[in-house]
Amino acid sequence: MIRKFQQSDLDHVINIWLETSIITHNFVDSEFWNSKVDDMRNIYIPSSETYIYEDGEIVKGFVSLFKNTIAALFVTSSNQGLGIGKQLIAKSKEVRDRLDLNVYKENVKSIEFYKKCGFKVLKEQIDEHTGHPELVMIFSS
């Protein structure tokens, strides 16, 4: 089930984000991700519109939207490939006509996922925080 974020979800969301970021973005030092936990907790999640994928009472994934940007889309590593990410993208498309996102160029699996969800590459740029190349992708209904 997908539902709106509640403050009681915050620790689950942070844990999913941190664990998955370290695994998925293994080309970025894990210390970078650990250094961003407080920003996620105090800035990014509170300023975003976040939806939770919950199975029973277990949070398995989330998507955070900031204006028309998918700022975060993460599914626990043990639940990837089960359609949860697609459902979270579908929810995002329900609440926004246009979406954009940035994804690391080295994250080939995620790029392919977003392409299957109808996103197209707009341009390539360098992420100012890590120095790694990233793609800007867009979706328009």
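These notes cover the structure that comes with them. Quantities reported herein were computed from a predicted structural model and do not represent experimental measurements.

Some words on helix α5 (residues 108-116)
- The complete set of buried residues in α5 reads S110, I111 and Y114. Along the long axis of α5, the arc covered by the buried residues comes to 105°, so they all point the same way. The exposed residues of α5 that point more than 90 degrees off its buried face are V108, K109 and K116.
- Close packing links the buried residues of α5 with α1 (10-24), β4 (69-75), α4 (84-95), β5 (98-104) and β7 (133-140).
- Of the residues flanking the end of α5, it is G118, one or two places downstream, whose phi is positive at about 95°.

Section: the side chain of S110
- The topology assignment puts S110 in helix α5.
- A distance of 3.1 Å separates the side chain of S110 from the side chain of N107, its partner in a polar contact.
- Beyond its immediate sequence surroundings of up to four residues, S110 is in contact with T24 and V103.

Concerning the environment of F62
- By the secondary structure assignment, F62 is in strand β3 (residues 58-66).
- Between the alpha carbons of F62 and I89 there is a distance of 9.8 Å; along the sequence they are 27 residues apart.
- Leave out the neighbours within four places in its chain, and F62 touches V13, I16, W17, I45, T50, Y51, I52, A72, L73, F74 and L88.

Remarks on the environment of I43
- Considering the arrangement of structural elements, one finds I43 in helix α3 (residues 37-47).
- A relative accessible area of 45% means that I43 is categorised as partly exposed.
- Residues I43 and M1 lie 42 residues apart in sequence; the distance between their C-alpha atoms is 26 Å.

Examining unusual backbone geometry
- Even without a glycine there, the phi angle at K67 is positive, about 55°.
- Within the fold, K67 resides in the loop between β3 and β4.
- Residue K67 is classed as exposed on the basis of its relative accessible area, which comes to 62%.

Rules behind the numbers
- Residues numbered from 1 in each chain as written.
- Predicted model: local features only at pLDDT ≥ 70, side-chain atom pairs only at ≥ 80, totals over all residues.
- Heavy atoms only, no water.
- Buried < 20%, exposed > 50% of the residue type's maximum accessible area, 1.4 Å probe, protein only.
- Helix = DSSP H or I, 4+ residues; strand = E, 2+ residues; numbered from the N terminus.
- Arc of directions from axis to C-beta.
- Contact = heavy atoms within 4.5 Å.
- Polar contact = N/O pair within 3.5 Å; in protein donor to acceptor, adjacent residues only side chain to side chain.

Function-wise, these values are silent; they only describe arrangement.
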